[in-house]
Amino acid sequence: MNVFVTILGSGAALPTGVRRCAAQVLNVGGFKLLIDCAEGTQDRIRYNHLKLQSLGTVIISHLHGDHFFGLPGLLSTMHLCGRTEPMTIVAPKGAKEVIETTFELTGNHVEFPIEWREMDFEEGMQRVFEGKRLTVDAFPLVHSVPTYGFRITEVPRGSNTPKVYSYCCDTAYTESILPFIKGSDLLCLECTFADDLAELAETRCHLTASQAGRLARLAEVGQLLLTHISARYREPEILLQQAMSEFPNTVVAEDSMRVEVR
Ligand SMILES: [Zn+2]
Ligand SMILES: [Zn+2]
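Within any chain, residue numbers begin from 1 and follow the written order of that chain's sequence. Chain letters start at A and ligand numbers start at 1, both assigned in the order the entries are written. Local features in this predicted model are restricted to residues of pLDDT 70 or higher, and side-chain atom pairs are both shown and tallied only at a pLDDT of 80 or more, whereas totals for entire chains, interfaces and linings draw on every residue.

S.K.: How do you make sense of the overall build of the chain when you look at a structure like this?
M.R.: Each helix is a run of DSSP H or I of at least 4 residues and each strand a run of E of at least 2, with the numbering of both proceeding from the N terminus. Counting its secondary structure elements, the chain contains 8 helices and 14 strands. In summary, the chain has a C-alpha radius of gyration of 17 Å against a globular reference of 18 Å for 262 residues, a match within 12%. Over its C-alpha atoms, taken along the principal directions, the chain stretches across nearly 50 × 45 × 35 Å. Buried positions account for 46% of the 262 residues belonging to the chain. Whether two residues are in contact depends on their C-beta atoms, placed from the backbone: they are in contact if these lie within 7 Å. Across the chain, contacts joining residues at least 24 apart in sequence account for 62% of those joining residues at least 6 apart. Within these notes, the globule rule equals 2.2 Å times the number of residues to the 0.38 power, and the radius of gyration is based on C-alpha atoms. Using C-beta atoms placed from the backbone, we call a residue buried if 20 or more other C-beta atoms fall within 10 Å of its own, exposed if 12 or fewer do, and partly exposed for counts in between.

Shown next, in the form of structure tokens:
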């Protein structure tokens, strides 16, 4: 099946005119999965000609604004556009309360059914979504708030080998995730800082470029996709070079880029 990811936002916490905050859509044989939903995501969905109402499932890595603040607006717009189809939202514990409180205090509401699946576990990997086209397994990352990485696996049809896409954003360096991302065809890792800012990366629970490359090498993945690029890097060349010193088959995400999972 055709499996590809469209990058809606490839930046870190501060959006710029070139890089918006975290959001992407994984398309598996026509099924579209929204991964993270920063402010402005609904705008980027339209800009990239992805049909808003065709999104049936959203998975949120953590509740930092640069991954989550777009969700109330997205849901509200879906309602205004007449959505009746149910929606599944997988997110860390607390997300449901934030959204419901936001709607309650602002006089907004949605009429379509939302099935919430809140994640609240500190070790191992758990199946959080099972659809006709793909399954999603979640595992804890190391960040300043509860954060989860995802291993998304295509449901095999006929004799094809199922493709695997893994997404880890945001996280400090940890080899505890290696069993969960092992052998992914495409691994999307955050890469907030270049190597000279390793101390800052450690303090803020983010990865440097060569740490991202090392994780890709140790996990024996097919290709590495770097995202969550700090606004300080107008040209990401330095990040690419440093990651490639550990893992050559690396690309840097750009907004609106489409990357195939091979
Ligand atoms: Zn972030
Ligand atoms: Zn974060």
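S.K.: Would you explain the environment of Phe 4 in this entry?
M.R.: The residue Phe 4 is located in strand β1 (residues 3–9) in this model. Taking the C-alpha atoms as reference, Phe 4 lies 8.4 Å from Val 25; in sequence the two are 21 residues apart. Residue contacts for Phe 4: discarding those within four places in its chain leaves Asn 27, Arg 258, Val 259, Glu 260 and Val 261.

S.K.: Just checking my understanding: could you explain helix α8 (residues 237–244) for this structure?
M.R.: Given 3.6 residues per turn, any residue in an α-helix points the same way as the ones three and four places further on. All of the buried residues in α8 are Leu 239, Gln 242 and Ala 243. Along the axis of α8, the buried residues cluster in a sector spanning 95°; they form a single face. Looking at the buried residues of α8, the elements they touch are α7 (209–218), β12 (223–227) and β13 (250–252). For this quantity, the arc is that covered by the directions from the helix axis to the C-beta atoms.

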